[in-house]
Amino acid sequence: MRALTVRPGRPGSLGVEEVADPEPAAGELLVRGVALGLCGTDREIASGEYGRAVPDRGRLILGHESLGRVAEAPHGSGFTPGDLVAGVVRRPDPEPCGACAHGEFDMCRNGRYRERGIRELDGYGAELWCLETDYAVRVDAALGLAGVLMEPASVVAKAWEQIEKVGARAWFEPRRALVTGAGPIGLLAALLGRQRGLDVHVLDRVTDGPKPDLVRALGATYHSDGAGDVLTAVRPDVVVEATGAAALVCEAVRGTAAYGIVCLTGVSAAGRRLTVDAGAVNRAIVLENDVVVGSVNANLRHFRQAADALARADREWLHRLLTRRVPLERAASAFERNAEGIKTVITLEGGAR
């Protein structure tokens with residue numbers, strides 16, 4: 001079969017090559033790949049900045065944003081051939097920490113977890129892959145190719161879960177949410193905010209292209225003004241920060257309403273220095289009982305929450321996120337930056353819609 005492989009740590013090693021067909025072990029599904037979503041992590045791995053190969057192999061099958069169709073399923077598994085599924089990305093470490101041992105492997109304490117397509121486990125960027133039934137999540141067949149949004153939607157589902165858990169320490173009835181960044185994570189965060197009945201605002205730099213229209217189609221408000229002005233006007237109860245821009249993070253922390261929650265999902269680049277009034281930031285957090293929380297990755301329940309959220313979303317809107325579709329044989333070109341900033345998808349199966 002064909003697979004998209006890379007040698008982590010070696011720039012320029014990305015390529016499509018023939019590898020042996022996988023053989024499912026007991027309790028595993030054999031899945032035929034339908035599509036693979038790309039994100040910044042994949043680009044970092046392809047450029048040699050990140051990732052770990054499968055031990056003793058040197059190469060890694062890339063891809064963690066999966067969509068596949070079950071080809072073979074164990075008896076009694078609850079899955080049947082033809083089901084659309086997505087695979088959970090992370091696996092607990094072999095000698096689990098307390099969090100991993102309790103099924104909270106997205107909160108691993110010791111860092112010895114493994115991740116499909118990222119860290120020591122082959123990913124989903126292949127024509128066939130195997131998947132443990134315990135880490136498989138059924139995707140609504142009506143979603144079609146938009147089911148490839150399961151993994152980014154799971155990251156957002158976890159972020160909203162964390163926001164609600166933090167808010168529950170006292171009375172919490174948020175009305176306004178601001179999402180900073182209108183890439184896939186930001187747009188999906190806005191979707192889940194609207195599904196919660198919130199007045200959602202989205203801040204991004206662009207003034208044209210698909211982003212403003214996608215935000216408005218959700219019934220949300222799009223902004224491209226300065227962050228300080230937007231925060232002053234909106235005074236959000238919740239901020240989901242999806243850019244990783246350090247200056248924007250600092251603005252968000254100071255700009256919420258009282259009892260505000262800022263959930264950071266974007267990763268900031270190191271080495272960039274800012275002059276920050278730390279005293280003012282501290283004062284705002286302490287005197288208003290504010291919270292800043294980081295959120296990354298997702299576990300099985302978050303994938304299931306994502307499946308529910310996507311199933312309730314407008315199908316046309318979801319498909320508008322998939323602005324660029326590239327067949328596997330031209331996968332290398334998919335790693336060029338998407339100028340529109342939405343989702344690039346590698347199709348692994350003919351006839352994907």
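Each remark here, short or long, concerns the structure printed above.
Residues numbered from 1 in each chain as written. Predicted model: local features only at pLDDT ≥ 70, side-chain atom pairs only at ≥ 80, totals over all residues. Heavy atoms only, no water.

**A few points about the overall build of the protein**
Point 1. Helix and strand content of the protein: eleven helices and 19 strands.
Point 2. Along the three orthogonal principal directions, the C-alpha set of the protein runs to about 60 × 45 × 40 Å.
Point 3. Out of the 353 residues in the protein, the part that is buried amounts to 52%.
Point 4. Here the protein displays about 15,600 Å² of accessible surface, and carbon together with sulfur accounts for 48% of that area. (Helix = DSSP H or I, 4+ residues; strand = E, 2+ residues; numbered from the N terminus. Buried < 20%, exposed > 50% of the residue type's maximum accessible area, 1.4 Å probe, protein only. Areas by Shrake-Rupley, 256 points an atom, 1.4 Å probe, with all protein chains shown as cover.)

**What to know about unusual backbone geometry**
Point 1. Of note, Glu 120 is a non-glycine position whose phi angle comes to about 70°, a positive value.
Point 2. Position of Glu 120 relative to the elements: it lies in strand β9 (residues 120-121).
Point 3. Of the residues examined, Glu 120 reaches a relative accessible area of 23% and is grouped as partly exposed.
Point 4. Phi at Asn 289 is positive, roughly 55°, even though this residue is not glycine.
Point 5. If you trace the backbone, Asn 289 turns up in the loop between α8 (278-287) and β17 (291-294).

**Comments concerning the nonpolar core**
Point 1. Counting residues in each nonpolar core, the largest one holds 92 residues, and the members touching the most others are Met 150, Trp 160, Leu 318 and Ile 346.
Point 2. The contact partners of Ile 346, leaving out residues within four places of it in the chain, are Leu 4, Val 34, Ala 35, Leu 36, Leu 38, Val 326, Pro 327, Leu 328, Ala 331, Ala 334 and Phe 335.
Point 3. Ranked by size, the runner-up nonpolar core spans ten residues in total, among them Leu 178, Ala 227, Val 239 and Leu 248. (Core = buried A, V, L, I, M, F, W, Y, C linked by side-chain atoms within 4.5 Å. Contact = heavy atoms within 4.5 Å.)

**Quick notes on the sheet that holds strand β14 (residues 221-223)**
Point 1. Strands sit in the order β14-β13-β12-β15-β16-β17 across an open sheet of six strands; the sheet is parallel. Every other strand in the sheet has two partners, leaving β14 and β17 as the edge strands with one partner each. Within the sheet, the average angular offset between the axes of one strand and its neighbour, ignoring direction, is 20°.
Point 2. Across the face of the sheet, helix α3 (residues 150-167) comes into contact with β12 (176-180), β15 (238-241), β16 (261-264) and β17 while running at roughly 150° to β16.
Point 3. Packed onto the sheet, helix α4 (residues 184-195) meets β12, β13 (199-203) and β15 and runs at close to 170° relative to β13. (Pairing = 2+ DSSP bridges. Axes fitted to C-alpha atoms, helices over the stretch in contact; angles between N-to-C directions.)

**Description of the packing of α3 against helix α9 (residues 300-312)**
Point 1. Contact pair α3 / α9: the axes reach a minimum separation of 8 Å and the direction vectors enclose 105°. Taken together, the axes of α3 and α9 lie roughly perpendicular to each other. Only Arg 301, His 302, Phe 303, Gln 305, Ala 306, Ala 307 and Leu 310 of α9 make contact with α3, whose side of the interface consists of Met 150, Glu 151, Ala 153, Ser 154, Ala 157, Lys 158, Glu 161 and Lys 165.
Point 2. Among the residues forming the contact of α3 with α9, the class breakdown is seven nonpolar, three polar and five charged. (Parallel < 35°, antiparallel > 145°, perpendicular 65-115°, else oblique. Nonpolar A, V, L, I, M, F, W, Y, C, P; charged D, E, K, R; others polar.)

**Regarding the pattern of salt bridges**
Point 1. Within this structure, the stated rule accounts for 20 salt bridges.
Point 2. The residue Glu 329 makes a salt bridge to Arg 2 at a minimum N-O spacing of 3.4 Å. Here Glu 329 is found in the loop between β18 (324-327) and α11 (331-334), whereas its partner Arg 2 is found in strand β1 (residues 2-6), with 327 residues between them in sequence.
Point 3. On the basis of relative accessibility, which here comes to 54%, the residue Glu 329 falls in the exposed class.
Point 4. With a shortest N-O distance of 3.6 Å, Asp 213 and Arg 216 are connected by a salt bridge. Of this pair, Asp 213 and Arg 216 both sit in helix α5 (residues 210-217), three residues apart, roughly one helical turn.
Point 5. A relative accessible area of 41% places Asp 213 in the partly exposed class.
Point 6. Linked by salt bridges that have partners in common, Glu 104, Glu 161, Lys 165 and Arg 301 make up one network. (Salt bridge = Lys/Arg side-chain N within 4 Å of Asp/Glu carboxyl O.)

**Quick look at the side chain of Asp 204**
Point 1. Residue placement: Asp 204 occurs in the loop between β13 and α5.
Point 2. Of the residues examined, Asp 204 reaches a relative accessible area of 13% and is grouped as buried.
Point 3. Among the polar contacts listed, one links the side chain of Asp 204 to the backbone nitrogen of Ala 182, at a separation of 2.7 Å.
Point 4. Excluding anything up to four places from it in sequence, Asp 204 contacts Gly 181, Ala 182, Gly 183, Lys 211, Tyr 222, His 223 and Ser 224. (Polar contact = N/O pair within 3.5 Å; in protein donor to acceptor, adjacent residues only side chain to side chain.)

**Some words on the environment of Thr 265**
Point 1. As for its position among the elements, Thr 265 is in the loop between β16 and α8.
Point 2. We classify Thr 265 as buried; its relative accessible area is 18%.
Point 3. In this structure, the C-alpha to C-alpha distance between Thr 265 and Leu 188, residues 77 residues apart in sequence, is 12 Å.
Point 4. Excluding residues within four positions of it along the chain, Thr 265 makes contact with Ala 159, Ile 185, Val 240, Glu 241, Ala 242 and Ser 295.

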